[in-house]
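Here is how the chains run, residue by residue.
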Amino acid sequence: MKKTIVLFTALFACISFTNKLFAQEDLVRVYRWFIPEDKQYVTIAEGEFQDGQMLNWGWNDKTMLFSAYRNPGPGRVAINGWYNPVTRAHISVCEDEFTDDQMLKWGYTQKHLQFYALTRRGTNLVCVYRWLIDRHHDWITIPEEGDTDNYLKKGYSHKTYQYYGIARQPDAPIYDQL
């Protein structure tokens, strides 16, 4: 009887640990990069480009914003990245926010899937907004916990709700310094 209980407990622990491990593998970190030459920001999912490529192209000031999902699932929406070669603006939009035809008419090209984000508020989630600065036609993605006063001073406005991201861990600022 004791062997059965020990075996059942060990099996349950292995299954629980494996499920948690698979859930973490589905997560992807989402970063914001800045390019001083164009005074533009871009939102990049981990693995979308290598850090060396971004640095070589002139991007810097890498900042982790939140985590999201690599794969589709219930309550998730696809986030696509677009690029406008005329204004050199990068934008990340939800799949149902604008049609592809609208984005193409506005001059955006190079649509690509970045990650999947949640559509409903829950525990350990952060609301993510997109802001616009008209003079550069630059978009920036900012989680609700971000330093919005700093961006207001720079002239950003047109705050628009996008989706929910998984909040950074409380010790994330420590790792940002490394």
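Residues numbered from 1 in each chain as written. Predicted model: local features only at pLDDT ≥ 70, side-chain atom pairs only at ≥ 80, totals over all residues. Heavy atoms only, no water.

## Topic: the overall build of the protein
Within the protein, the regular secondary structure consists of five helices and nine strands. Reading the helices (α) and strands (β) of the protein from amino to carboxyl end gives α-β-β-α-β-β-β-α-β-β-β-α-β-α. Expressed as a percentage of the 178 residues in the protein, the buried residues total 38%. In the protein, once contacts between residues fewer than 6 apart in sequence are set aside, the share between residues at least 24 apart is 65%. Surface exposure of the protein reaches about 11000 Å², of which carbon and sulfur atoms provide 57%. (Helix = DSSP H or I, 4+ residues; strand = E, 2+ residues; numbered from the N terminus. Buried < 20%, exposed > 50% of the residue type's maximum accessible area, 1.4 Å probe, protein only. Contact = heavy atoms within 4.5 Å. Areas by Shrake-Rupley, 256 points an atom, 1.4 Å probe, with all protein chains shown as cover.)

## Quick word on the pattern of salt bridges
Under the criterion given, the structure shown has eight salt bridges. For the salt bridge of Glu97 with Arg130, the shortest nitrogen-to-oxygen distance reads 2.4 Å. With Glu97 in the loop between β5 (89–94) and α3 (100–105) and Arg130 in strand β7 (residues 125–133), this residue pair connects regions lying 33 residues apart in the sequence. Of the residues examined, Glu97 reaches a relative accessible area of 24% and is grouped as partly exposed. (Salt bridge = Lys/Arg side-chain N within 4 Å of Asp/Glu carboxyl O.)

## A few points about the confidence of the model for the protein
Per-residue confidence for the protein averages 81 on the pLDDT scale, and 79% of its residues sit at or above 70. The low-confidence segment residues 13–23 (pLDDT under 50) makes zero contacts with residues lying over four places distant or belonging to another chain. Predicted confidence for residues 174–178 stays below pLDDT 50, and this span has two contacts to residues more than four positions away or in other chains. (pLDDT = per-residue confidence, 0-100.)

## Notes on the packing of aromatic side chains
Taken as a whole and assessed by the stated rule, the structure comprises eight aromatic pairs. Aromatic pair Phe66 and Tyr163: ring centres 5.9 Å apart, planes at 65°, arrangement edge-to-face. Within this pair, whereas Phe66 is found in strand β3 (residues 60–69), its partner Tyr163 is found in strand β9 (residues 157–166), the two being separated by 97 residues in sequence. In this structure Tyr163 comes out as buried when scored by relative accessible area, which is 0%. Ring centres 5.0 Å apart and planes at 80° place the aromatic pair Phe98 and Trp106 in the edge-to-face group. By relative accessible area, which is 45% here, Trp106 ends up partly exposed. Joined through ring pairs, the aromatic side chains of Phe34, Tyr41 and Tyr156 make up one cluster. The cationic tip of Arg76 hangs over the ring face of Tyr69; the distance from NZ or CZ to the ring centre is 3.6 Å. Lying across the ring of Trp139, Arg130 places its NZ or CZ 5.0 Å from the centre. (Phe/Tyr/Trp six-rings, centres within 6.5 Å; stacked < 30°, edge-to-face > 60°. Lys NZ or Arg CZ within 6 Å of the ring centre and 35° of its normal.)

## A short note on the nonpolar core
Tyr41, Trp131, Ile140, Tyr151 and Tyr156 are the most contacted members of the largest nonpolar core, which totals 17 residues. Elements with a minimum of two residues in this core: β6 (109–118), β7, β8 (138–143) and β9. The dominant element in this core, judged by the number of residues it contributes, is β7, at five residues. When neighbours within four sequence positions are excluded, Tyr151 is seen to be in contact with Arg32, Tyr41, Ile140, Ile142 and Tyr156. Judged by nonpolar contacts, the second largest core, of 15 residues, contains Val77, Cys94, Ala117 and Val126. (Core = buried A, V, L, I, M, F, W, Y, C linked by side-chain atoms within 4.5 Å.)

## Examining the pairing of strand β1 (residues 27–35)
Successive residues of a regular strand alternate their side chains across the two faces of the sheet. Most of β1 is tucked away: seven of the nine residues are buried. For β1 and β3, the ladder comprises seven bridges, and the chain directions are antiparallel. Each bridged residue has a counterpart across the sheet, and for Phe34 the counterpart in β3 is Asn60. Both β1 and strand β2 (residues 40–45) contribute to a ladder of six bridges, which runs antiparallel. (Pairing = 2+ DSSP bridges.)

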